[in-house]
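# A structural walkthrough
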2 protein chains.
Amino acid sequence: MSDKTTRPVPIDVDPELACPIAPVVDIVFSRWTTPILWALNEFGRQRFVELERAITTITPKVLTQRLRQLERDGLVSRAYYPEVPPRVEYEITELGRSLAPLFASLAEWSVNLDKVEQARRDYDERVHGSRRGTPPSTQR
Amino acid sequence: MSDKTTRPVPIDVDPELACPIAPVVDIVFSRWTTPILWALNEFGRQRFVELERAITTITPKVLTQRLRQLERDGLVSRAYYPEVPPRVEYEITELGRSLAPLFASLAEWSVNLDKVEQARRDYDERVHGSRRGTPPSTQR
DNA sequence: CAGCATCCTGCACGATACTG
DNA sequence: CAGTATCGTGCAGGATGCTG
């Protein structure tokens, strides 16, 4: 172990400065944005109802909200065709597509999910049932 | 028909299968975990109060919750020293450190934040004040 | 210092109904 | 089909107070 100078944290940091990647996370990984962006990036342009089906658990209201947000952020583009019945197609933008390597990194890291699950088992076992307790598991 | 292989989305996808990176996002980028992991990765092991100060806006309760979660997931280790006053030091684990390239990707992408902000301005201008909406502060 | 217990609040999201 | 409008709710998170 190199004694890597655990240098004192600068005291003047404010929330945004403290963690420069936080803003990106807010934009890209906020509530439902990941599956939406991923689906659009993976399967190409899709209609509203297709997205709705692809992300089975989302409600149309929230899907609309998130799509608007992503459109506003320039990550997704919306094409409206005033036919009957109306048709709307969503597509990932160039800016959105620039997230692809990020998603790839994420996907790579997912090989570690077993370790996480193992760590959880170890932890839960270590905590045992000691103390008044927190019924095991039941997270989310 | 698009000649562009917008192949139909498989219908049998369930939420988790639909987006393979979602679980990773849940673990790594859930509510306050990013600044915590980032701080521990950047500044090395730190005491509770140091983290509290580094992430200025977090409350001790929530910080505890998130640290427990990260500890359970094996991303952070907790060392308790029963002195007076007691001392607790948190450190990122090897597994946690394996996220570093991911954070680096995030940091790289943050050069695009201007584009996002520009897109927002464009969008807001495009929507302008059209439609009935949102009477500017007339109420109360 | 490093927490846990308790109470309280906001708002993110679900459910439902209705338009173009 | 692709949304909006409205109402209701759970629970993440804030505030406060108390321990080892």
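Keep in mind the model is a prediction, meaning the values are calculated, not measured.

A separate point is the UniProt feature "domain: HTH hxlR-type" (unreviewed entry) in chain A. The feature "domain: HTH hxlR-type" (unreviewed entry), as given by UniProt, occupies residues 19–118 of chain A in the numbering adopted here. Across residues 19–118 of chain A one finds 58% helix and 14% strand; the C-alpha atoms that close the span lie 29 Å apart.

Moving on, we get to the packing of helix α7 (residues 100–109) of chain A against helix α7 (residues 100–109) of chain B. Between α7(A) and α7(B), the least distance of the axes is 10 Å, while the angle of their chain directions is 170°. Classed by the angle they form, the pair α7(A) and α7(B) counts as roughly antiparallel. Judged by the sense of rotation from one axis to the other, the crossing of α7(A) with α7(B) is left-handed. Residues A:Leu102, A:Ser105 and A:Leu106 of α7(A) form the contact with α7(B), whose own contacting residues are B:Leu102, B:Ser105 and B:Leu106. Here the residues of the contact of α7(A) with α7(B) sort into four nonpolar, two polar and no charged.

In a pair of packed helices, the angle between the axes and the distance between the axes together describe the arrangement. All names here are of chain A. It is at 10 Å that the axes of helix α3 (residues 33–43) and helix α5 (residues 60–72) come closest, and there the two elements cross at 70°. In this view, α3 runs roughly perpendicular relative to α5, as classed from their interaxial angle. For the crossing formed where α3 meets α5, the hand is right-handed. Together, Thr33, Ile36 and Leu37 of α3 and Leu63, Arg66, Leu67, Gln69 and Leu70 of α5 make up the contact between the two elements. Considering only residue class, the contact of α3 with α5 consists of five nonpolar, two polar and one charged.

Here the focus is the relation of the copies chain B and chain A. Superposition record for chain B on chain A: RMSD 0.1 Å, screw rotation 180°, translation along axis 0.0 Å. Expressed as a symmetry operation, the mapping of one chain copy onto the other fits a two-fold axis. Mapped onto chain A, 94% of the interface residues of chain B again fall at the interface, so both copies present the same surface.

It is worth spelling out the protein's contact with DNA strand D at this point. With respect to spatial proximity, 19 residues lie near DNA strand D, and among them A:Arg78, A:Tyr90, B:Arg31, B:Lys61 and B:Arg66 are the closest. Backbone atoms, meaning sugar plus phosphate, form 71% of the atoms of DNA strand D positioned within 4 Å of the protein. At 3.1 Å from a phosphate oxygen of DNA strand D is found a side-chain nitrogen or oxygen belonging to A:Arg47. Contacts to DNA strand D include A:Arg78, whose side-chain N or O atom sits 2.7 Å from a phosphate oxygen. When residues of the surface near DNA strand D are traced back to their parent elements, those giving at least two are α4 (48–54), α5 and β3 (87–92) of chain A together with α5 (60–72) of chain B. Of the residues in the surface near DNA strand D, the class split is eight nonpolar, three polar and eight charged.

This part takes up the pairing of strand β2 (residues 76–81) of chain B. Residues and elements named next belong to chain B. The pairing of β2 with strand β3 (residues 87–92) spans six bridges and is antiparallel. For tyrosine 81, the partnering residue across the bridge sits in β3 and is arginine 87. Between β2 and the antiparallel strand that follows it, β3, lie five residues.

Below, the discussion takes up the interface of chain B and chain A. Each partner contributes residues to the interface: chain B has 54 residues there, and chain A has 53 residues. Summed over both partners, the interface of chain B with chain A buries about 5000 Å², with 71% contributed by carbon and sulfur atoms. Between chain B and chain A we count four salt bridges in total. The interface formed by chain B and chain A contains eight residue pairs in polar contact (both at pLDDT 80 or more). Looking at the side of chain B that touches chain A, the element that brings in the most residues is helix α8 (residues 113–127) of chain B, giving seven residues.

What counts and what doesn't
Residues numbered from 1 in each chain as written. Chains lettered and ligands numbered in written order. Predicted model: local features only at pLDDT ≥ 70, side-chain atom pairs only at ≥ 80, totals over all residues. Heavy atoms only, no water. UniProt positions renumbered as here; feature names shortened; annotations may be inferred. Helix = DSSP H or I, 4+ residues; strand = E, 2+ residues; numbered from the N terminus. Axes fitted to C-alpha atoms, helices over the stretch in contact; angles between N-to-C directions. Parallel < 35°, antiparallel > 145°, perpendicular 65-115°, else oblique. Left-handed = near helix turned anticlockwise from the far one by under 90°. Contact = heavy atoms within 4.5 Å. Nonpolar A, V, L, I, M, F, W, Y, C, P; charged D, E, K, R; others polar. Least-squares fit on C-alpha atoms with pLDDT ≥ 70 in both. Near = heavy atom within 4 Å. Polar contact = N/O pair within 3.5 Å; in protein donor to acceptor, adjacent residues only side chain to side chain. Pairing = 2+ DSSP bridges. Buried area = accessible area lost by both parts, 1.4 Å probe. Salt bridge = Lys/Arg side-chain N within 4 Å of Asp/Glu carboxyl O.

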